[in-house]
Amino acid sequence: MSQIHFTINGIPCTCEAGTTVLQAAKQNGIEIPNLCNDESVRVYGACGLCAVEVTDDGTGKALPKLLRACSAKPQEGYVIRFDTKRAAQSRKIALELLMSDHTGDCRGPCQLSCPAGTDCQGYVKKIAQGDFRGAVEIIKQKIPLPAAIGRVCPHPCEQNCRRGLVEQPISIAALKAHAADRDLAGDTFRPVPLPDTGKRVAVVGGGPGGLTAAYYLRLKGHAVTVLDAAKKMGGMLRYGIPAYRLPKELLDREISEIAALGVSMQNGVRLGKDITLQQLRDEYDAVILATGAWRSMAMHVPGETLDGVTGGIQFLHGISSGEGEIPDLTGKCVAVCGGGNTAMDACRTAIRCGAARVSVIYRRTRGEMPAEVTEIEESIEEGVSYEFLANPAEIIGENGHVKQVKLQVMELGAPDASGRRAPVPIAGRFKYLDADLVIMAIGQTPDTAGLDGIALTKKGTVAADAGTFRTNLPGVYAVGDLTNRGASIAIEAIGEAGRCAAVVDAALRGEEKPYFAPYFSQKQVTAADLADREQQPRCPMPTRPAAERRHDFAPVNRGLDNETAMREARRCLECGCHDYHECKLIRYAQQQELHPERFAGAKNAHGKEQRLVCIERDNGKCILCGLCVRVCEEAAGKGILGLVGRGFPTVVKPEFDRPEVIAGCRDCLKCVQACPTGALRQITE
């Protein structure tokens, strides 16, 4: 047969006459997005994703309409593109329409709630199987410090775990720590970096964000140097988290694993003093700023400059790291201002320093405290008391030293913009609290000294683009607590640093790939939907008695054993789609920014059924491409499946009329193999 010569996206192609554009692209190693095409059945053209534009028909003219690659045939001299604005827009609309009624769970709510996007379901499943190394391999795709983060993360993943609709969420953070501990104790998983690229990156800041950026850029083959002003790497994990929560020898072990990849680490180097930002820009191909937020926020009340008033981070710094002396607070009264996890670390540390009385002052009620419930409960067990609905109005001193805190009595008013009820002062009502030490733990701000030429926000943080992480200076990026919104939790910095590393890697290779949040289909699940699940209580974390632990900085949690960890992991409901990694629909959907909500409206409420003997059908994931129906009819020769109904309510249903037809379904499974969205799943139980 005669050969046709043409191009697809600038790539010269040939095919036999009569071949479709889609077939020709495949023969020439090019993938044009498509969902409803299969070589075993006739062309159907249902999904619309394979739209292409002929910009030159061989005579210098463009065809006026887009073509469907699954049915159109190339002609001699055609210049075909599927990456033009018109083709991309057509594909985008098709995907948004499909996703507007697609109710499958691409990923479980645990992963979607993790700021780093960790595949929680994946590593929990590995733990359930006793494969702790395999679990760490999955975790380290997003988190290079799993043992540390498993201990200190406030685990937003657990807050949305659907197991909580049955009884209690999975202990995801504890399982992460357990798997990492087992891995560190044995043949530690250490990924192999790609070949050296010849590019050099400087990371300023050795905290969780900086170490994460360094880790992933090194794995991409770049030479990375981390510079930090402190004596040791670790940032807030070392200097802000007490040892009873995070033993520093464990942190050292995980940091050494990053260094072992070939990451150079230089401590005692302060930007603006020992080296300038311009010097780094001159010496390296890219610079990432990740210096964190190290200044405690002021309360702006009279008396806060008195001797005996300090910030939460300043109080914790030397104690948590082990680099300073533990202060003797025997017989002292300590007041901690704030309701977050730094306040919890400060009050529990003060107890361990021997304080006679430690009081936490919080302007809302306990129910509004942002600190973890476990932290609050354990602090109370250790002897911490609370002054709720109170706010410091003045710090009263004697001979230049703190003596009392004057507290404004508050009440909760109307909800604020975030939905929390705003605390309102009760006019004329005050109370007094004796204090020898006042610790301000109401938040942190960055120290921007040495960041010459860097544009700042109105909050005093570094202004960094949300998609590229670039600052106003070419080649300089910024992540974590230093930037935009300011201080947050460690996993936020880790997630942002991982995304920044991907952007920087692309830039070093000459590509422009700004980050945009990938699209995921989600569905709403209620307790009623899970009412048939057997209740299996959460495995409790063994802890040391309060009377014992309040006197030292040894770990509070004793950790899980292997059997308990595996049992806890088996409670997972496995919410995410079984077909995620093979699903063509989500792969195409994540190649661009989608907004299916603009086609918002009624959604079909189709559930799952297992009438196909060995196949589960999830109509919520079905996009009505008709591929399963056509494969069953044309390739399998059975005709069991059919489209029932017309228009929006149409569904795919089976028609079983003979026992031999039912039995044949078990040995075929062609429809499962052809389904592009995971709507069909083989039942193996």
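Going along each chain's sequence as written, the residues are numbered from 1 onward. For a predicted model such as this one, the threshold for reporting local features is a pLDDT of at least 70, and the threshold for listing and counting side-chain atom pairs is 80 or more; totals across whole chains, interfaces and linings nevertheless cover every residue. Remark: hydrogens and water are excluded; side-chain values derive from all non-hydrogen atoms of the structure.

Q: Help me out: how do you make sense of the overall build of the chain in this one?
A: Per the convention used, a helix needs a DSSP run of H or I reaching at least four residues, while a strand needs a run of E reaching at least two, with both numbered from the N terminus. Helix and strand counts for the chain come out as 22 helices and 25 strands. Residues count as neighbours in contact if any of their non-hydrogen atoms are within 4.5 Å of one another. Here the analysis covers contacts within the chain between residues at least 6 apart in sequence; of these, 69% occur between residues at least 24 apart. Put simply, the chain shows about 30800 Å² of open surface, and 49% of that area lies on carbon and sulfur atoms. Surface accessibility in these figures is a Shrake-Rupley result with a 1.4 Å probe; residues are shielded only by whichever protein chains are displayed.

Q: So what exactly am I meant to see when it comes to the sheet that holds strand β2 (residues 11-16) here?
A: Pairing between sheet strands relies on hydrogen bonds along the backbone, with the strands arranged either parallel or antiparallel. For two strands to pair, DSSP has to find at least two bridges joining them. Spatially, the five strands line up as an open sheet ordered β2-β1-β5-β3-β4, and their pairing is mixed. With partners counted over all chains shown, the strands left at the sheet margins are β2 and β4 (67-68), one partner each. Note: strand β3 (residues 51-56) against β4, two bridges, orientation antiparallel. The residue bridging Val52 from the neighbouring strand is Leu67, located in β4. Angular values range over 0 to 180 degrees, each being the angle between N-to-C directions of two axes fitted as lines to C-alpha atoms, with helices fitted over their stretch in contact. Packing against the sheet, helix α2 (residues 85-99) makes contact with β3 and β5 (79-81), and its axis sits at approximately 170° to β3.

Q: Help me out: how do you make sense of the packing of aromatic side chains in this one?
A: For any pair of aromatic rings, the description consists of the separation of the ring centres together with the inter-plane angle of the planes. Any two rings among Phe, Tyr and Trp, with Trp reduced to its six-membered ring, count as a pair given centres within 6.5 Å; such a pair is stacked if its planes are under 30 degrees apart, edge-to-face if over 60, and tilted if neither. In the structure shown here, the tally under the stated rule is four aromatic pairs. Here the aromatic rings of Tyr215 and Tyr216 are separated by 4.7 Å at their centres, their planes lie at 90°, and the arrangement is edge-to-face. The two residues Tyr215 and Tyr216 agree in class, both being buried. Think of it as a cone above the ring: NZ of Lys or CZ of Arg counts as a charge over the ring if it is within 6 Å of the ring centre and within 35 degrees of the ring normal. The ring of Tyr284 carries Arg200 above its face, with NZ or CZ at 4.5 Å from the centroid. Sitting above the plane of the Tyr515 ring, Arg499 keeps its charged end 5.2 Å from the centroid. Buried, partly exposed and exposed residues are distinguished by accessible area as a fraction of the type maximum, computed with a 1.4 Å probe on protein chains only: under 20%, between the cut-offs, and over 50%, respectively.

Q: Which parts of the structure should I look at to understand the nonpolar core?
A: One recurring pattern in soluble globular proteins is that nonpolar side chains are buried together. Residues enter a nonpolar core if they are buried and are Ala, Val, Leu, Ile, Met, Phe, Trp, Tyr or Cys, with the set joined through side-chain atoms within 4.5 Å. One finds Tyr123, Ile127, Ile149 and Ile288 to be the most contacted residues of the largest nonpolar core, which totals 68 residues. Among the elements that make up this core, the one with the highest residue count is helix α16 (residues 490-508) (eight residues). Built from parts of two domains, this core gets at least three residues from each of domain 2 (119-190 + 519-569) and domain 3 (200-294 + 445-508). Apart from residues no more than four positions distant in its own chain, Ile288 is found in contact with Val201, Ala202, Val203, Val204, Ala213, Leu217, Tyr477, Val479, Cys500 and Val504. Ranked by size, the runner-up nonpolar core spans 29 residues in total, among them Met344, Val360, Ala371 and Ala441. What marks off one domain from the next here is an automatic or database domain assignment.

Q: For this particular structure, what's the right way to read the environment of Glu382?
A: By the element assignment, Glu382 lies in the loop between α15 (373-381) and β14 (385-388). What makes Glu382 buried here is its relative accessible area of 1%. Between the C-alpha atom of Glu382 and that of Arg550, which follows or precedes it by 168 residues, the distance is 5.7 Å. Beyond its immediate sequence surroundings of up to four residues, Glu382 is in contact with Arg348, Ile351, Arg352, Ala546, Arg549, Arg550 and Val556. Any pair of N or O atoms that falls within 3.5 Å is considered a polar contact. Within protein, one atom must be able to donate a hydrogen and the other to accept it, and sequence-neighbouring residues count only if both atoms are side-chain atoms. Reaching out from Glu382, the side chain makes a polar contact with the side chain of Arg352 at a distance of 2.9 Å.

Q: Is there a simple way to explain the state of the cysteines in this structure?
A: Any covalent bond linking the sulfur atoms of two cysteines counts as a disulfide. Disulfides are defined in this document as cysteine sulfur pairs within 2.5 Å. Evaluated as defined, the whole model comprises zero disulfides. Cys539 takes part in no disulfide bond, and the closest cysteine sulfur to it belongs to Cys161, at a distance of 13 Å. For the unlinked cysteine Cys668, the closest cysteine sulfur is that of Cys671, found at 6.4 Å.

Q: Where do I start with the domain arrangement of the chain in this structure?
A: A common measure of how large an interface is: the accessible area buried when the components associate. Domain boundaries assigned for the chain yield domain 1 (3-83), domain 2 (119-190 + 519-569), domain 3 (200-294 + 445-508), domain 4 (298-440) and domain 5 (584-682). Placing the centre of domain 2 and that of domain 3 at their C-alpha centroids yields a distance of 27 Å. Taken together, the contacts link 25 residues of domain 2 with 25 residues of domain 3. Buried area between domain 2 and domain 3, summed over both chains or domains, comes out near 2200 Å², and the portion from carbon and sulfur atoms is 70%. Three residues, Pro144, Leu145 and Arg190, lead the burial of domain 2 against domain 3; their summed loss comes to 28% of the area buried on that side. The salt bridge definition used is simple: a Lys or Arg side-chain nitrogen within 4 Å of an Asp or Glu carboxyl oxygen. At the boundary of domain 2 with domain 3, the tally comes to one salt bridge. When the shortest N-O distance is used, the salt bridge between Arg190 and Glu257 registers 3.0 Å. In this description, buried area is defined as the sum, over both parts, of the accessible area (probe of 1.4 Å) that is lost when the two are combined.

Q: What is the right way to look at the side chain of Thr461 in this model?
A: As for its position among the elements, Thr461 is in the loop between β19 (444-445) and β20 (476-478). There is a polar contact of 2.7 Å between the side chain of Thr461 and the side chain of Thr457. Reaching out from Thr461, the side chain makes a polar contact with the backbone oxygen of Asn484 at a distance of 2.8 Å. With residues up to four places along the chain from it excluded, the contact list for Thr461 reads Pro446, Ala455, Leu456, Leu482, Thr483, Asn484 and Gly486.

Q: Help me understand the pattern of salt bridges in this model?
A: Oppositely charged side chains can pair when the atoms bearing their charge come close. Inspection of every chain in the model, using the stated rule, returns 41 salt bridges. Taken together, the salt bridges that share partners define one network made up of Arg348, Arg352, Glu375, Glu378, Glu381, Glu382 and Arg549.

Q: Honestly, the packing of helix α4 (residues 120-128) against helix α18 (residues 562-569) in this entry has me stumped. Any pointers?
A: Geometry of a packed helix pair, given as the angle between the helix axes and the separation of the axes. Contact geometry for α4 and α18: axes closest at 7 Å, N-to-C directions at 130°. Taken together, the axes of α4 and α18 lie oblique to each other. The hand of the α4/α18 crossing is left-handed. Taken together, the residues of α18 that come into contact with α4 (itself represented by Val124, Ile127 and Ala128) are Ala565, Met566 and Ala569. Its residues placed into classes, the contact of α4 with α18 shows six nonpolar, no polar and no charged. Here is the rule for angles: anything less than 35 degrees is roughly parallel, anything more than 145 is roughly antiparallel, 65 through 115 is roughly perpendicular, and the remaining ranges are oblique. Here a crossing is taken to be left-handed if its near helix is turned anticlockwise relative to the far helix by less than a right angle, and right-handed if that turn runs clockwise. Throughout this entry, Asp, Glu, Lys and Arg are counted as charged residues, while Ala, Val, Leu, Ile, Met, Phe, Trp, Tyr, Cys and Pro are counted as nonpolar. The remaining residues, Gly among them, count as polar.

Q: Would you explain the sheet that holds strand β13 (residues 357-362) in this entry?
A: Within the open sheet, the five strands sit side by side as β11-β18-β12-β13-β14. Their pairing is parallel. Each edge of the sheet is formed by a strand with only one pairing partner; in this case those strands are β11 (309-311) and β14. Going from strand to strand, the sheet's axes swing by 25° on average, the running direction of each strand aside. Bridge analysis of strand β12 (residues 333-337) against strand β18 (residues 437-440) gives four bridges, and the strand direction is parallel.

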